[in-house]
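# Remarks on the overall topology
Each chain, written out:
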2 protein chains.
Amino acid sequence: MNLPPLIQSFVLHFGEMGSRWGINRTVGQIYALLYVSPEPLCAEDIVEALGLSRSNVSMGLRELQAWNLVVHKHLPDDRRDFFTTPDDVWQILRTLAEERKKREVDPTLSVLREILMQPAGSDEERFAQGRIAEMHGLIDQLTTWYDDVKRLETERLANLLSLGAKITRLLEAKDRVVTLGRRRPKAAREAGDTRADVAQAEGE
Amino acid sequence: MNLPPLIQSFVLHFGEMGSRWGINRTVGQIYALLYVSPEPLCAEDIVEALGLSRSNVSMGLRELQAWNLVVHKHLPDDRRDFFTTPDDVWQILRTLAEERKKREVDPTLSVLREILMQPAGSDEERFAQGRIAEMHGLIDQLTTWYDDVKRLETERLANLLSLGAKITRLLEAKDRVVTLGRRRPKAAREAGDTRADVAQAEGE
DNA sequence: CGGTAATTTCAGAAATTCCTGAAATCCGAG
DNA sequence: CTCGGATTTCAGGAATTTCTGAAATTACCG
């Protein structure tokens, strides 16, 4: 590996973390390298920087493409493929979440639903179904929330997070806030909420 | 493996998912089994149900204990160790999040901070530091939000999630809502927010 | 068409992770 | 202290995952 020490630490740590989250270490390293590079890189650049075999880099890039994590660029008058990451880290996070949902969460939900449809032949099985239903409910709520939030642009998403704290305090102070907007007609919501709406909804 | 088919599918799927998220397959299976069992199980029960070696089960349970994911029970007049999972799935999720934060997220933040402290010797390194700073910012915001939310009891956490959707609409309609409470003195915040506070803060 | 450079494929080697059985340790009871 | 059941440890074998080099494929160019 032939990199400035500062970049090398990042690449190595990122690879390490990747492998703890089920992502192949070298794929993580490739991503980290692309992430911190000012210009798009071609496969050969990556081979030189990380000291991997050409074929390994090829497989890694293909993996990253399959995850939509990488942007493919063509320079004019150059047949090589160049790659970068998106500029916006929030966008990267969204993509990662989306892909993992598609590959792992959604299939899990349908497996759980299938299990819940099966007839239980014993108390043991009935109990298990109860537990599985709880888990299904949890995942379902989380994904519903996620579906809601994922479309937000970066800036709004960041805002929502920093707001999270304050909403928390509201909830602690006053349970009824959760009825916010729940019984108001669709048309009114689409017209845009205002501070008055908030106060009104809370007061219901 | 010697289990009712319904439970077996769950255990197998859970093990499979575990392994995709960096958790050893059999550890995942052990957890799944404990999760759906109405009574605490001892190591020998697990050996029989899953067909693993006794030592493997021992290592798996120790791993789960290290992650705080398992509840240790002692029955009177029985020297064996029995294990269950917490009843509340949200609590399980919290524990999982907490442990992963401790082991992976926090160390990552400090590695990134360290990298950001180093003097950059080239433009390349300076650029990389900029990117790393963005990533640090992202993780930092997420963990701040998480620290805020993690203390919520189960019911409130569920409420917050279902609220997420509606807050989103507020944000879309009206940016200014994000100033909510931002410039109010600490004492006022600790006294607990009220609707009037919200309206006042927004009006600033 | 060849020629050439880039990329991909894939069988097997290398590395890593996981699992096991045998032995060691622990611990309460007698 | 000794016995016996429960649990843990750990070296090495098994299984899985990752990586590589050689060969194949692709695609552009003259």
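Residues numbered from 1 in each chain as written. Chains lettered and ligands numbered in written order. Predicted model: local features only at pLDDT ≥ 70, side-chain atom pairs only at ≥ 80, totals over all residues. Heavy atoms only, no water.

This part covers the sheet that holds strand β2 (residues 71-73) of chain A. All names here are of chain A. Strand order in the open sheet formed by three strands is β1-β3-β2, with antiparallel pairing between adjacent strands. Looking at strand neighbours, the two that pair on one side only are β1 (41-42) and β2, the edges of this open sheet. Inspection of the sheet shows β2 paired to strand β3 (residues 82-84) by three bridges, in the antiparallel sense. Looking at β3, one finds that Val71 is bridged to Thr84. (Pairing = 2+ DSSP bridges. Helix = DSSP H or I, 4+ residues; strand = E, 2+ residues; numbered from the N terminus.)

Glancing now at the protein's contact with DNA strand D. Near DNA strand D you find 17 residues, and of these Thr26(A), Ser55(A), Ser58(B), Arg62(B) and Asp81(B) are the closest. Counting only the atoms of DNA strand D that lie within 4 Å of the protein, the sugar and phosphate share comes to 67%. Within the side chain of Ser55(A), a nitrogen or oxygen atom sits 2.7 Å from a base oxygen of DNA strand D. Here a phosphate oxygen of DNA strand D sits 3.1 Å away from a polar atom, N or O, in the side chain of Asn56(A). If you list the elements that add at least two residues to the surface near DNA strand D, you get α4 (54-66) of chain A together with α4 (54-66) of chain B. The biggest single contributor to the surface near DNA strand D is α4(B), with five residues. (Near = heavy atom within 4 Å. Polar contact = N/O pair within 3.5 Å; in protein donor to acceptor, adjacent residues only side chain to side chain.)

Lining the immediate environment of DNA strand C, one finds 18 residues, of which Arg54(A), Arg62(A), Asp81(A), Thr26(B) and Ser55(B) sit closest. Contact distances for DNA strand C include 3.0 Å between a phosphate oxygen and a backbone N or O atom of Ser53(B). The separation between a phosphate oxygen of DNA strand C and a polar side-chain atom of Asn56(B) is 3.1 Å. Broken down by secondary-structure element, the contributors of at least two residues to the surface near DNA strand C are α4 of chain A together with α4 of chain B. Per-element tally for the surface near DNA strand C: the top contributor is α4(A), with five residues. Considered class by class, the residues forming the surface near DNA strand C number four nonpolar, seven polar and seven charged. (Nonpolar A, V, L, I, M, F, W, Y, C, P; charged D, E, K, R; others polar.)

All names here are of chain A. By secondary structure assignment, the location of Arg25 is in helix α2 (residues 25-36). Along the sequence, Arg25 and Gly15 sit ten residues apart, while their C-alpha atoms lie 4.5 Å from each other. If we ignore the near neighbours within four places in the chain, the residues touching Arg25 are Gly15, Glu16 and Ser19. (Contact = heavy atoms within 4.5 Å.)

Let us look at the sheet that holds strand β3 (residues 82-84) of chain B. Residues and elements named next belong to chain B. Strand order across the open sheet formed by three strands is β1-β3-β2, with antiparallel pairing between neighbours. Two strands lie at the open edges of the sheet, namely β1 (41-42) and β2 (71-73), each paired on one side alone. Bridge count for β1 against β3 is two bridges, and the pairing is antiparallel. By the bridge assignment, Cys42 is partnered in β3 with Phe82.

Next up on the list: α2(A). All names here are of chain A. Taking 1.5 Å of rise per residue, twelve residues should cover 16 Å, and α2 covers 17 Å from first to last C-alpha, within 8% of that figure. Burial within α2 is extensive, with eleven of its twelve residues counted as buried. Within α2, the full set of buried residues consists of Thr26, Val27, Gly28, Gln29, Ile30, Tyr31, Ala32, Leu33, Leu34, Tyr35 and Val36. Looking at where α2 begins, the residue whose side-chain oxygen comes 2.8 Å from the main-chain nitrogen of Thr26 is Asn24. (Expected span 1.5 Å × (residues − 1). Buried < 20%, exposed > 50% of the residue type's maximum accessible area, 1.4 Å probe, protein only.)

Right, let's talk about the packing of helix α3 (residues 43-50) of chain B against α4(B) for a bit. Residues and elements named next belong to chain B. At their nearest, the axes of α3 and α4 sit 9 Å apart, and the two run at 115° to each other. Remark: the crossing between α3 and α4 carries right-handed chirality. Along its contact with α3, which presents Ala43, Glu44, Ile46 and Val47, the element α4 presents Arg54, Val57 and Leu61. Of the residues belonging to the contact of α3 with α4, the class tally is five nonpolar, no polar and two charged. (Axes fitted to C-alpha atoms, helices over the stretch in contact; angles between N-to-C directions. Left-handed = near helix turned anticlockwise from the far one by under 90°.)

Residue and element names in this part refer to chain A. For chain A, per-residue confidence averages 85 on the pLDDT scale, and 81% of positions sit at 70 or higher. Within chain A, no element has a lower average pLDDT than helix α9 (residues 195-203), which sits at 38, and none a higher one than α2, at 98. Under a pLDDT of 50 for its full length, residues 183-204 has, in the predicted model, 32 contacts with residues more than four places off or in other chains. (pLDDT = per-residue confidence, 0-100.)

This paragraph deals with the environment of Arg54(B). Residue and element names in this part refer to chain B. Turning to its location among the elements, Arg54 is positioned in helix α4. Residue class for Arg54 comes out partly exposed when judged on its relative accessible area of 41%. The spatial distance from the C-alpha of Arg54 to the C-alpha of Glu44 is 7.1 Å, given a sequence separation of ten residues. Leaving out residues up to four positions away in the same chain, Arg54 has contacts with Ala43, Glu44 and Val47.

This part covers the packing of aromatic side chains. In the structure shown here, the tally under the stated rule is eight aromatic pairs over all chains. Between Trp21(A) and Trp21(B), the ring centres sit 6.3 Å apart and the planes meet at 65°, which makes this aromatic pair edge-to-face. One end of the pair, Trp21(A), is in the loop between α1 (5-20) and α2; the other, Trp21(B), is in the loop between α1 (5-20) and α2 (25-36), on a second chain. Judged by its relative accessible area of 27%, Trp21(B) falls in the partly exposed class. The positively charged end of Arg103(A) is found above the aromatic ring belonging to Trp67(A), 4.0 Å away from the centroid. Positioned above the aromatic ring of Trp21(A) is the side chain of Arg100(B), whose terminal nitrogen or guanidinium carbon lies 4.0 Å from the ring centre. (Phe/Tyr/Trp six-rings, centres within 6.5 Å; stacked < 30°, edge-to-face > 60°. Lys NZ or Arg CZ within 6 Å of the ring centre and 35° of its normal.)

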